[in-house]
Each structure stands twice: as structure tokens, then as C-alpha cells.
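Survey of secondary and tertiary structure
Listed here are the chains, written in short residue letters.
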Amino acid sequence: MSSPEQWTHPEPGAGPAATAAEPTPEQVIAGLRATTEGGAELTQLLTPEGERVASAQFDPYVSDIDDEALRNLYRDMVLVRRADRESNAMQRQGQLGIWVPLLGQEAAQIGSGRALRPSDMAFPSYREHGVAWTRGVDFRELIGIFRCSDHGGWDFKHHGFHPYTIVIGNQVLNATGYAMGQKFEGKVGDDNGEATIVYFGDGATSQGDVHEGFVWSAVYDAPVVFFCQNNQWAISEPTERQSRLPLYQRARGYGFPGIRVDGNDVLACLAVTRWALDECRHGNGPVLIEAFTYRMDAHTTTDDPTRYRLSDELEEWKLKDPIERVRAHLARGGGADQEFFDKIDAEADSFAAELRDFVFNMPDPPPERIFSNVYAEPSPVLEAQRREYLSYLEGFAGSEH
Amino acid sequence: MAAPVKAKADGATGAVQNLTIGKAINLALRTAMEANDKVIVLGEDVGKLGGVFRITDGLQKDFGEQRVLDTPLAESGIIGTAVGLAVRGFRPVCEIQFEGFIFPGFDQIVSQVAKLHYRTQGGVKVPIVIRVPFGGGIGAVEHHSESPESLFAHVAGLKVVSCSNAVDAYWMTRQAIESDDPVLLFEPKRLYHSGNLRAEVDTTAKPAPLHASRVVRSGDAATLVAYGPSVKVCLDAATAAQEEGTSLEVIDLRTLSPLDLDPVFESVRRTGRLIAVSEAPSESSLTSEIAMRVQQECFYSLEAPVLRVTGFDTPYPPAKLEEDYLPDLDRVLHTVDRSLAW
């Protein structure tokens, strides 16, 4: 079976062989998903067994990550996973309208998020709870979206974390525009430059907005890192339904670098994202990163993955768990002892308990919220509707309706 | 980075200038760009060419390629990147070449432009202007003559305005750029260069409020309400009717969302009759909304049902048939007669 590289780079003058390089559907699937391995070009610094892999290109980007820093990344991932599981459970108990699990994607999100500086801006999709955590937006600020009591109201400037975007791919263009603004304001060109990162999934790569974002960013040299979390499934549709080429390879067609990183390796995600942001800061952006990972839970709590994928696949990916490999590495190298792991587990439990208390006691928004902030400037039509409805509600004052 | 550019207004010799609608918009863009370096213009062909209608003529020469962007050809890209630029603190003015090409950008307009402020409880402002040449009468091929404004007026979070004369063209553009809300400016393309509509634009005058409709001709037999290119049709009809002794009041809506119908109600209470005129198809349109609200507010004053003169509920026809399709003076007068005969 030929590799994807051979399909895209047929031997010159190979004659009929070039035609033969056309992949069969089976080859396409194998190349895209490379089973669960990610293929030969996967950047990895920590194996699933927790062994450190040397990389001449990327080791310099994580030279500051000592045992303490690695313990912090471990803590990030454990807390975020615990909050994710608690939120999933709360949805099942009717406390949340829906939940979008991030289980399995902790390394991609924490690694890339921790690569950012405060002056950078991140544009999330709707699963980026881990990135939110790295930007100082905690679960209490996010969870109103999923309890359906707000659409997300954190201070995006303070956190450098744009509001969630639910329409697939819209945020890729929005981020590109923001990055163009950074460039127009002269905020790129040296080590102190600013950059933008935008998160989207493998399914989003089929959207026109993502394609247009690639075109625009290339034309304007926008300092934007496109961070595609390829978690293999767009609800029920596999990656091969989106592309016949590994996603990171698409970048070449737009004229900027694309790289595939092990999305379950927090160290590699940190290193590769730092490198990509560095390219942007210096005015060499954009860059596409494909974080090769796996969504270990459903797309959302309305989804049923048992209808479209085999449990074998999940079992195989469990062996690549992003948290377990850091734990193994720390334990084996003496970077952390049992007392540390127990302490983090206890912290995660109390974090989850606090989140649960918060959600259970969360008030519903007042009806006035329906009418507020539709416009920055007052609208007489809307003002009349607000007055009329509130006056209607006042008619019920004191009654037990 | 590009050095700051010293801009010069073409022919800007004084506060009062005699301008066509097209030149008035150009001057408004130029003045806004001079006043605020965060104002940028983006769209297809808006730079060297000056736009397909030459509305942005000369702006790139004076303000540079970083403030007047000849973009790649994708409307979602124009509007989607404008959202990001607005979030960054810019005030983007997008040009869509023709209204029939706005639909690839519809998703960004409806999903992001209109909703970001609401979604963030006021945390994100979206001061974007989207300029849309619209309407028929230029003998163009398909997709170049439509009137899709009702689709946008239906979207909460957007402001939709339309000018019918050079003074409004100037000030509405200025006011739209200064607004912290997203504004779609529907420009009557067939009137851009109309010499008959040249007007004295006083750039130092206090402008009319953006969101106020206006009585542009007084009368007492019936009320005509219109916007954009149809205002001229109504004014011409009123002049013709006057020769026959019928006095028609004409109201220019100016803003399509939110609608300022108080002057319309006041007028209908006096005349008892309303004819709403628009090039758009009639079903579920702005004229539907006007008819509904007038019957709600003026029920006991109406001497006849609200009537409409509109395009038909068809796609825009081949241009050889547009004289049949577009509301014209005769169809308006015919409808006035129907109303008066009730």
C-alpha cells in the first residue's frame, strides 16, 4: 500500500505509474486516519508509554518545561477532564441542556492554549473548554451556555478568548480578520509580536469559511495559527468524508506550512504551537496545525457514537490517553510521586463539587435579558416590545401562575 | 507599515457641494477615513478600479492599500474578516458588488454580525457597514437587479437603511460608519450617477436622525410610502397627479430596520389612504409589514385597504422585461386611482 506522500508526489516521468498512484478508497482511509498512528510525519515528543522522544526541531521550544512545569500541565488536564466529566453527568441529570465533551482532547487544548501569551487572541469553536481554562475563563463562566441561561458573556479582551462560535467554521474568518488587524497595527515582526489562534475541527475543513480563511490569511500574511483538532469524527461522519488528503497537507496548496502533531501529546502540542505562534509573531504566518487526536466521548450529549463507530477504535485510543502518558513519564522519571497524584485527584474532586454547587444554584436570567444588548444603540421597536411584555408579566404579580 | 497618508477630498472646496448620490457616498467615505484611521474599506475591486460603480474612486490612491483592500473574491470572506477587524477595533466598510452576490456572506451576517453583541451581552461591538448596491433598471443580467432588503430587515441585530437622494447618501454613510451597530446600507444603484438627483450637500449641517422616516412631499388625498429608488418614482407620480388635481403625500422611510412608521400613521390618519411602493417581491416583505402595522394603528382612519405596488413574486426577470416588473409612475397612479375609488 502506497503512502499518502506517494499519491501527491508521483515520480516524474513514471508514465502509467502516475495513474496507478491514484489511491483506492481503502488507501485513502488508511492514509487519512493511519489507523490510530497518525502516519510517518506525526510530531511526537512523548510516546503513549511516556517515553521522551528527542526532536532537534521542537525540543528547543520546550526546553523550559522541567518537572514542575510538566506537573502543571498534568494538573491542567486532570482538572479540565474532571470538570468535563462532571458536566457530562450534570447534563444526564437534567441540570444542563446539553454538554459538548472534550474527553480525549485535553492535551491538544492545554498544550496549544499554554503556548499562548496574554497579548494573543484565541478564537474557539464550542468544545474548547480546555483552551478556555488556559486563558483564565473557568468553567463557571462557560457553563451558562450549556445550561442555556446565556450565550457566553466573559470579557473576551481581558481573557484574550473570543466568544464560542457554534456555526461551523465562521470563527476561522473572524480570527483571520482579527489577525489582519494585528498586522495592520504593526504588532508583528519580532519576538514581542502578537498572534491569533483559531480552533476548529476536521469537519469544519469542508466549510467554505475555512477555505476562505486560508486564502485571506495567505494573501495578507495574517499572523494566525489554524489549529485543527482532528478528532476523527464530525458527529457521525469520519475524516474520510471530509478529505482524501491528510488535512495538514492542505496548507501547501494555500502557500503556508502545515504540520501534523500528536494531539494526545501535551508536550508536542505545546512545542509545535509555540513554533507556529513564533512564525506568526515574526510575520511569517499563517500556519496550519493538525492535532491528530480522538474524541473519546460523543459529539455532544445528544449523540450516540455506538451507531457509527466500533468500540475497538475507542479501546485502541484509550491506550494513547493524553493524561496517562504524562503520568507515566512523571512517575517513571521521578518527576512526581503518589502523593502528588493523590493531591491533584483530590483537588479535581473538590473542583468538580464546587462546579456542581455552582450549577445547581445558578439562577435563571430575568426576562429583561431577552431584550438587552440586541443593539448598542436603543431601538424604539424593541423598546416597545420590552415595555409591553414586562407590563404583561406585571399582570401576574402576586399570583401563583 | 505604511506611512500615514495625508488625504485630500476631491473638489472639497467648501462645506456645501453639489453632488450626485455616488459622489456623495464617496465624499462620506473619504471624510470618515480622514477623521478616523480605524475606518477601512474592503471589497472586490474597490481599490485601483474604484469599485464597479466607481463609488470608492480615488480612496486607495490617497489612503493606501492597507485601508482600502482589494480582497479575494469571496463575500463570506469579506464580511467574516470584517467581523474580526471590528473585534480588533477597526470600523470596516464592506462593499458588496451587487445585491445578488451577498448571499455567500449571508451566513456571516446573520450568524455573527447580527448576533455577537447579543451573545456577549454587549461585550463585543460590531461597528461594520455593509454597502449594497440594489434594485433594477440598469438593464443587467441575472443577480444584478434584485431587492433582497426584507431578508435583512427580518434579522434582529442589524440596522438596514436606504438612501434616495444625495444628502441622505452622504449623511447615512457617515452615520452608519459612526454607529456602534452593524448597518446595511442599500444604495439605489440606478440613481448613483443621476444628474437630476444632484443636490447641495452641506457637510457641516446637522443631519437628520438616521432612524427617522421623512415626509418628502405633502399632500392630502392619499399617502405614498417608499424607500430607495422607489422614492423618485413616487415623487414623479405625485407631480403627475398634482397636474390632475390630486394631492399625494410622499414619505421616504429611509430606515428599513427599525421602521419609523409614526410619520406614516400620522399621514394616514389625515389622508385615509396608503399605497406602499417597493421593487421587492410583495409576499412577506417590508410592504407587508407596513400594511399590517398601519391597519393596526390606523384602523378607524382608513378609507380603503392598504394597497401595494411592488415587484412580482418571481425571480427578477430578464432585463428586457424589467419595465413590466418594476413599479413605475403609471402603476403607482393606477393604484392611487383604485384606492381613491374605494
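Owing to the predicted nature of the structure, the values given are computational and were not obtained by experimental measurement. (Residues numbered from 1 in each chain as written. Chains lettered and ligands numbered in written order. Predicted model: local features only at pLDDT ≥ 70, side-chain atom pairs only at ≥ 80, totals over all residues. Heavy atoms only, no water.)

Quick word on the overall build of chain B
The test is simple: Under the scheme used here, helices are H or I runs from DSSP no shorter than 4 residues and strands are E runs no shorter than 2 residues, and both carry numbers assigned from the N terminus. With C-alpha atoms as the basis for the radius of gyration, the globule rule is written as 2.2 Å multiplied by the number of residues raised to the power 0.38. Each residue gets one of three labels from its accessible area relative to the maximum for its type: buried under 20%, exposed over 50%, partly exposed in between, using a 1.4 Å probe on protein chains only. Should any heavy atoms of two residues lie within 4.5 Å, those residues are considered in contact. Positive charges come from Lys and Arg alone, negative charges from Asp and Glu alone, with His and the N- and C-terminal ends not counted. Every charge is mapped onto a representative atom, which is NZ of Lys, CZ of Arg, CG of Asp or CD of Glu.
Each helix and strand counted, chain B has 12 helices and 14 strands in total. By the compact-globule yardstick of 20 Å for 342 residues, chain B fits well, its C-alpha radius of gyration being 20 Å. For chain B, with 342 residues in total, the buried portion stands at 64%. Residue pairs at least 24 apart in sequence account for 80% of intrachain contacts in chain B once pairs closer than 6 positions are excluded. Across chain B, 33 positive and 44 negative side-chain charges occur, with their mean positions spaced 7 Å apart.

Concerning the state of the cysteines
The cut-off we apply is this: Put simply, a disulfide is two cysteine sulfurs that come within 2.5 Å.
Tallied over the full model, the rule gives 0 disulfides over all chains. Free cysteine C280 of chain A: the closest other cysteine sulfur is in C228 of chain A, separated by 16 Å. C94 of chain B carries a free sulfur, and the closest cysteine sulfur to it, the one in C163 of chain B, is 17 Å from it.

Thoughts on the pairing of strand β6 (residues 159–162) of chain B
Residue and element names in this part refer to chain B. Basically, it comes down to this: Here a strand pair is declared whenever DSSP counts at least two bridges between the two strands. Here the term right-handed applies to a crossover when the path leading from its first strand over the helix to its second strand runs clockwise, the strands being oriented away from the viewer.
Here β6 shows a buried face lined by K159 and V161 and a second buried face lined by V160 and S162. In this structure, β6 lies alongside strand β7 (residues 183–188), joined through 4 bridges in parallel fashion. Looking across to β7, one finds that V160 is bridged to L184. The parallel pair β6 and β7, bridged by helix α7 (residues 166–178), forms a crossover whose chirality is right-handed. Pairing of β6 with strand β12 (residues 255–257) involves 2 bridges; the strand directions are antiparallel. Bridge pairing links V160 to S257 in β12.

Looking at the confidence of the model for chain B
The criterion, for reference: pLDDT expresses, on a scale from 0 to 100, how confident the predictor is about each individual residue.
Residues with a pLDDT of 70 or more make up 96% of chain B, whose mean pLDDT is 95. Taken together, the chains of this predicted complex give a pTM of 0.92 and an interface ipTM of 0.92.

Describing the sheet that holds strand β3 (residues 224–230) of chain A
Residue and element names in this part refer to chain A. As a reminder of what qualifies: For helices, the fitted line uses only the C-alpha atoms of the stretch in contact; every axis is such a line through C-alpha atoms, and the angle between N-to-C directions lies from 0 to 180 degrees.
As summarised here, the arrangement of the 5 strands in space is β1-β2-β3-β7-β6, forming an open sheet in which the pairing is parallel. Pairing within the sheet leaves two strands with one partner each, and these edge strands are β1 (121–123) and β6 (258–262). The average undirected angle you get between the axes of adjacent strands in this sheet is 20 degrees. With 6 bridges joining them, β3 and strand β7 (residues 287–292) adopt parallel strand pairing. Bridge pairing links Q229 to A291 in β7. Along the sheet face, helix α9 (residues 170–184) touches β1, β2 (196–201) and β3 and points at about 170 degrees away from the line of β2.

Considering the environment of Y74 of chain A
Residue and element names in this part refer to chain A. Assignment of secondary structure puts Y74 in helix α4 (residues 67–92). Considered as a pair, Y74 and Q109 are 35 residues apart in the sequence and their alpha carbons are 12 Å apart. Among residues more than four places away in sequence, those in contact with Y74 are I323, V326, R327, L330, F340, F341 and I344.

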